[in-house]
Amino acid sequence: MTVRLFDTLSGEARELEPLEPGHVRVYSCGPTVYGPAHIGNFRSFLFADLLVRYLRYRGYRVTWVMNITDVDDKIIRGAAATGIMIEELAARYTEQFLADARTLRMTMPDVLPRATAHIPEIVALIQTLLEHGHAYRTDDGSIFFRIASWPAYGRLSRLDPAQLRVGERVEADDYGKDDVRDFALWKGPKPGEPVWETAIGPGRPGWHIECSAMSMRHLGPSFDIHTGGIDLIFPHHEDEIAQSEAATGQTFVRTWLHCAHLQTGGEKMAKRTGNIARVAELLERGISPRALRYALISAHYRTSLAYSDESLAAAASAVQRLDALLGALDAYRQERPGDASLEALLKGARAAFEAALDDDLNISPALAALFELVRELNRRIDARSLSTADAACAAAVIRDLDRVLGVTAGEAPERLPDELVALLEARAAARAARDWAESDRLRAELAARGIVVEDTRDGQRWRRTGEGEQRWVNHG
RNA sequence: GGCGACGUACCCAAGUGGCCUAAGGGGGAGGUCUGCAAAACCUCUAUUCGCCGGUUCGAAUCCGGCCGUCGCCUCCA
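For clarity, every value in this text was computed on a predicted model and none was experimentally measured.

Analysis parameters
Residues numbered from 1 in each chain as written. Chains lettered and ligands numbered in written order. Predicted model: local features only at pLDDT ≥ 70, side-chain atom pairs only at ≥ 80, totals over all residues. Heavy atoms only, no water. Axes fitted to C-alpha atoms, helices over the stretch in contact; angles between N-to-C directions. Helix = DSSP H or I, 4+ residues; strand = E, 2+ residues; numbered from the N terminus. Parallel < 35°, antiparallel > 145°, perpendicular 65-115°, else oblique. Contact = heavy atoms within 4.5 Å. Nonpolar A, V, L, I, M, F, W, Y, C, P; charged D, E, K, R; others polar. Near = heavy atom within 4 Å. Polar contact = N/O pair within 3.5 Å; in protein donor to acceptor, adjacent residues only side chain to side chain. Pairing = 2+ DSSP bridges. Left-handed = near helix turned anticlockwise from the far one by under 90°. Buried < 20%, exposed > 50% of the residue type's maximum accessible area, 1.4 Å probe, protein only. Right-handed = clockwise from strand over helix to strand, strands pointing away. Expected span 1.5 Å × (residues − 1). Arc of directions from axis to C-beta. Phe/Tyr/Trp six-rings, centres within 6.5 Å; stacked < 30°, edge-to-face > 60°. Lys NZ or Arg CZ within 6 Å of the ring centre and 35° of its normal.

Participant: Describe the packing of helix α1 (residues 39-57) against helix α8 (residues 289-297), naming the residues involved and giving the relevant values.
Facilitator: Here α1 crosses α8 at 80°, and the two axes come no closer than 9 Å. In terms of orientation, α1 lies roughly perpendicular with respect to α8. In this structure, α1 contributes I39, F42, R43, L46, D49 and R53 to the contact, and α8 contributes L292, R293, L296 and I297. Tallied by class, residues from the contact of α1 with α8 come to 6 nonpolar, no polar and 4 charged.

Participant: Can you break down the protein's contact with RNA strand B residue by residue, with the values?
Facilitator: In the vicinity of RNA strand B, 55 residues are found, and the nearest of them are G229, D231, L232, R443 and E454. Among the atoms of RNA strand B lying within 4 Å of the protein, the sugar-phosphate backbone contributes 63%. Between RNA strand B and R379, the relevant distance is 2.4 Å, taken from a phosphate oxygen to a side-chain nitrogen or oxygen of the residue. Top contributing element to the surface near RNA strand B by residue count: helix α11 (residues 363-382), with 10 residues.

Participant: Describe the sheet that holds strand β12 (residues 262-264), with residues and values.
Facilitator: Reading across from one edge, β13-β12-β14 is the order of the 3 strands in this open sheet, with mixed pairing throughout. Two strands close off the open sheet at either side, each with one partner strand: β13 (267-268) and β14 (305-306). Sheet topology places β12 next to β13; 2 bridges connect them, and they run antiparallel. Bridge pairing in β13 links T264 to E267.

Participant: Let's hear about the packing of helix α10 (residues 342-358) against α11: which residues, and what values?
Facilitator: For any two helices packed against each other, the geometry comes down to the angle between their axes and how far apart the axes lie. Where α10 meets α11, the closest approach of the two axes is 7 Å, and the angle between their N-to-C directions is 165°. When the axis of α10 is compared with that of α11, the two are roughly antiparallel. α10 and α11 meet at a crossing whose hand is left-handed. When α10 is examined against α11, the residues L342, L345, L346, A349, A352, F353, A356 and L357 are found in contact with a partner set consisting of I363, P365, A366, A369, L373, E376, L377 and R380.

Participant: Account for the pairing of strand β4 (residues 61-66), naming residues and giving values.
Facilitator: By the criterion of burial, β4 is predominantly enclosed, with 5 of the 6 residues buried. In the sheet, strand β3 (residues 23-28) pairs with β4 via 6 bridges, with the strands oriented parallel. Bridge pairing links V24 to V62 in β4. Crossover handedness for the path β3 to α1 to β4: right-handed.

Participant: Residues and numbers for helix α13 (residues 418-432), please.
Facilitator: With 15 residues, α13 extends 21 Å between its outermost C-alpha atoms, agreeing within 8% with the 21 Å of an ideal straight helix rising 1.5 Å per residue. Within the span of α13, buried status applies to L420, L423, L424, R427 and A430. Taken around the axis of α13, the buried residues stretch over an arc of 120°, which confines them to a single face. Of the exposed residues in α13, the ones pointing more than 90 degrees away from its buried face are D418 and A432.

Participant: Tell me about the packing of aromatic side chains, residues and numbers included.
Facilitator: Under the counting rule described, the total for this entry stands at 13 aromatic pairs. With centroids separated by 5.7 Å and ring planes inclined at 15°, the aromatic side chains of F42 and F97 adopt a geometry described as stacked. Pair noted here: F42 is in helix α1 and F97 is in helix α3 (residues 86-103), with a separation of 55 residues, a long-range link. Across the pair, F97 and F42 agree in class, each one buried. Look at Y153 and F183: their rings are 6.5 Å apart centre to centre, the planes differ by 25°, and that puts the pair in the stacked class. Taken as a pair, Y153 in the loop between β6 (143-145) and β7 (183-187) and F183 in strand β7 lie far apart in primary sequence, 30 residues in all. You can call Y153 buried: its relative accessible area is 5%. In textbook terms, an aromatic cluster arises when at least three aromatic residues are bridged by ring pairs, as seen for Y27, F223, F252 and W256. Here R302 stacks its cationic end above the ring of F6, 4.0 Å away from the centre of that ring. Over the aromatic face of W472 sits the side chain of R461, whose NZ or CZ is 4.7 Å from the ring centroid.

Put into structure tokens, the structure is as follows:
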């Protein structure tokens, strides 16, 4: 069994064969830190996270690089509008991004390179392109990539350069271009904009060049996987290929993976349409981060995903179903011989889970396999047909599969204040004495203090009421 | 205008020629279990896959047309 991934450039699914056997190098286009990212952005970051988690689950060593664009037109405008330095604005939203990423349990990339920390690499790349005749200067000190010098331009996006509509938003300072379709590698100095004094003159980097410079700096001139949103295919990734391959003469990226858009209200979630939701706002509304993560990763990455309050609620229920099972397995105690068919059940579920994800990260059948296992384990819990050791074994398998998904509750349960623990213990005692009136009174009292209690054959379990992060904790 | 994706139950969403009288999650309706509650389990909730033709022994799956939705075409994850 091998991992197959759908490559945008060739238009076909291909087996993953890392350049260096056993070691996969992945570059993901990360955020431009001009404001807080919305959850549509996070869909694409979490898709990359899922990829990395699965490859590691599969035993690959993975080097994952995600860039942070900390200088661009929007950041400059944003800083000017709020009267702060661009470094300050970028730092603020970089922090915000990292906080949101942690909230959503995104694996931390091995490297998070910032554009402003890679000016020498960017300049060197542009110098090479100038030397090879793929780039030219204009009067204002800008440097452009000459599309006409690169016949393969348009292959990734399947666009014919000759057919490209010339945008209406051509800036005044772009008039010096030889061809309106040429794109900026370096932007000449302008008042009020950051300027670097470099060997190619003063100015600042264009958007596309940073990804080429940073990916090749950290992963080499040729690497395995490059991810991003589908909207980056053109022009961003098309430009990356052109400038990188024109400079090195080598294949830039072996497999291009693109994540489809998050849809809400029937259209793409985008800042310009205003139909956005942000992680911090959802947290304030009491949404569980794990439910949000589940909602964003639970559909195949190449299909657009409908997001709504309803989809979020469905995700929350699905996550709670997993929580409830794990809680039940952890509390389960039964002296009896082991379940002879359990091993085959667990192996079968794992095999189905892996087969689905091997197939271009097809997560839907993987989740189906997981939930079929959940139902079967619940049946066996009800039937008391598992031994204590069986239950622990089953829980371990679920948690192992969750290394890929990252949606189950963490290991460290919350400690309740002593007075609430006392109430739980009093209730357990009342139940042991079959004093139902007292038991119900204590349940109501706990409920009034925000604690839901349930009774199982293996004792009480509790969790906090309301929205937000919830998990069942077994108690006696 | 050019290029592309998609249309499966109340919602989300797999399945891309026979194992489909169509996964899984959510929601809804009944039931079992339970002191009660919750959880869990069981049954039901698409004889049908946008519409119309065609190919085939056989199609949700292939082909053609039509209708509809969405995306990209130098801000974009």
